[in-house]
Amino acid sequence: PVPAEAGDGAVYTPLLAHGEQLDVLERLDFVLRNIAELRKEVEELRNSLQHLAAEIVGEVRSHLEETQKVARRRRFPFPRERSDSTGSSSIYFTASSGAANTDDGESEGGYTTANAESDYDRESERESEEGEDEVSCETVRTARRDSLDLVNEDEVPFISDSSLEEGLGQLLQQADRLHDGDEQERREGFQLLLNNKLAYADQKDFLWRLARAHSDMYEITEDTDEKRSYASDGKEELEIALQKWDQSAECHQWYAVLCGQLSEHESIQKRIQTGYVFKEHIDKAIELKPEDPKAYYLLGRWCYQVSHLGWLEKKTASALFEAPPTATVQDALQNFLRVEELSPGFSKAGRVYIAKCYRDLGNNSAALLWMNLASELPANTKE
């Protein structure tokens, strides 16, 4: 505070005034508080990273166990021979409502066989499954040590392509039957396909049915977030499929459907943009499969909605695009009538839309006729 040459008689005076000292103290206090908060944030980040690491380890462990189960299923795609006369060589993919099903007793997805088994057979089967579970756990532990080398190729029996194709064919037939059923059967169909995704994810006919099952779950589910999730996941499945199978009418058709479902939860601008994508893929589906009534029904729906766009939607479309979408009620009617030509009574909703088109065109007698025809059909969907 005082130069050294001032001597003992010098008067010590502070270099900082009282106000400046208070300011320095406040600044130091501010720095200390920030350091404390930073330390707390670092601790929270460390805990979050530890939690994330635990989740990753759990997911990897689950994936390894699931992959090993699929490997066992693909190793034995057909039922083992039984000594009794009730054995059957057929594979069934029927849900656990009591119908027939897959190979070794009850699988992870909740499916049961149609073969009548004795108590001795069931006990033997249970012991076999317990032994397989022990082998599975040991294999998973070995896999972690051997960098995911799950299965020794020398030990895997040869499975012909024709055998895999036969199993896939029966799986797809079961999925189609469940898709045409009630809500519970559609849920079972979705779970059935989801359980077999790892085994058949590289098959075109499997993937578009899996996407269709996502669309079914969208219609069944009431929760908005779940609806959006199902539509988004199904759309992603088909985005991958279309990169490889651009000439699949079903892939284009269900991609359009899922785009439309997803757009119901988006802004006007996004819905209009999706409308162009929807029309593009439906046109492609009709080009690839011109006798499919479902594609004409979807095109009719698109035409009807475009013909009834509100003032705000039309102005938005005009502002965003050089050529806004255009369609008339007559265009919609022609597509719905084409559906009836290809498959009379294809859907109750299709006949209702024919009646609505005739009503909009001023033909009330034709509208009444088609409403009566629609009332003759069962209501299979919420629509």
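Quick caveat: nothing in here was measured; it's all calculated off a predicted structure. (Residues numbered from 1 in each chain as written. Predicted model: local features only at pLDDT ≥ 70, side-chain atom pairs only at ≥ 80, totals over all residues. Heavy atoms only, no water.)

### Concerning the state of the cysteines
Under the convention used in this document: For this text, the term disulfide refers to a pair of cysteine sulfurs within 2.5 Å.
If you walk through the whole model with that rule in mind, you get zero disulfides. Residue Cys 303 stays outside any disulfide, its sulfur separated by 9.2 Å from that of Cys 357, the closest cysteine.

### Observations concerning the packing of helix α4 (residues 183-195) against helix α6 (residues 204-220)
Which entries qualify depends on this criterion: Fitted lines through C-alpha atoms serve as axes, helices being fitted only where they are in contact, and the angles separating the N-to-C directions of these axes extend from 0 to 180 degrees. Helix and strand definitions here come from DSSP, where helices need a minimum of 4 consecutive H or I residues and strands a minimum of 2 consecutive E residues; each element is numbered from the N-terminal end. The scheme is simple: roughly parallel for angles under 35 degrees, roughly antiparallel for over 145, roughly perpendicular for 65 to 115, oblique for anything else. Each helix crossing is assigned a hand: it is left-handed if the near helix lies turned anticlockwise from the far helix by less than a right angle, otherwise right-handed if that turn is clockwise. Contact criterion: two residues are considered in contact whenever any of their non-hydrogen atoms come within 4.5 Å of each other. Residues are grouped as follows: Ala, Val, Leu, Ile, Met, Phe, Trp, Tyr, Cys and Pro are nonpolar; Asp, Glu, Lys and Arg are charged; all remaining types, including Gly, are polar.
Between α4 and α6, the shortest axis-to-axis distance is 9 Å and the interhelical angle comes to 140°. The orientation of α4 with respect to α6, classified from their angle, is oblique. Between α4 and α6 lies a crossing of left-handed hand. Residues Glu 183, Arg 186, Arg 187, Phe 190, Leu 193 and Leu 194 of α4 form the contact with α6, whose own contacting residues are Phe 206, Arg 209, Leu 210, Ala 213, His 214, Asp 216, Met 217, Glu 219 and Ile 220. Split by residue class, the contact of α4 with α6 holds eight nonpolar, one polar and six charged.

### Quick word on helix α8 (residues 249-263)
Along an α-helix, a turn takes 3.6 residues, which lines up residues three or four apart on a common side. Basically, it comes down to this: Helix span is expected to be 1.5 Å times the residue number reduced by one. Accessibility here uses a 1.4 Å probe with only protein chains present; expressed as a share of the type maximum, an area under 20% marks a residue as buried, one over 50% as exposed, and anything in between as partly exposed.
Helix length check: α8 (15 residues) gives 21 Å between terminal C-alpha atoms against 21 Å at 1.5 Å per residue, within 8%. Within α8, 15 of the 15 residues are buried, which leaves the element mostly enclosed by the surrounding structure.

### Observations concerning the nonpolar core
Here is the rule we go by: The nonpolar core is taken to be a set of buried Ala, Val, Leu, Ile, Met, Phe, Trp, Tyr and Cys residues, with the residues joined through side-chain atoms within 4.5 Å.
Core analysis: the biggest nonpolar cluster contains 60 residues, and Phe 206 and Leu 238 have the highest contact counts within it. Setting aside its immediate chain neighbours within four residues, Phe 206 contacts Leu 168, Leu 171, Leu 172, Leu 193, Asn 196, Lys 197, Tyr 200 and Ala 201.

### So, the packing of aromatic side chains
For any pair of aromatic rings, geometry is given as the distance between the ring centres together with the angle between the planes. We count it as follows: Only Phe, Tyr and Trp rings are paired, with Trp represented by its six-membered ring, and only when their centres lie within 6.5 Å; those with planes under 30 degrees apart are stacked, over 60 edge-to-face, the remainder tilted.
Taken as a whole and judged by the stated rule, the model has five aromatic pairs. Ring geometry for Phe 190 versus Tyr 230: centroids 5.6 Å apart, planes at 90°, classification edge-to-face. Taken together, the positions of Phe 190 in helix α4 and Tyr 230 in helix α7 (residues 224-244) put the pair 40 residues apart, joining distant regions of the chain. Taken individually, Phe 190 and Tyr 230 each receive the classification buried, so the pair is uniform in this respect.

These figures come from the coordinates and say nothing about function on their own.
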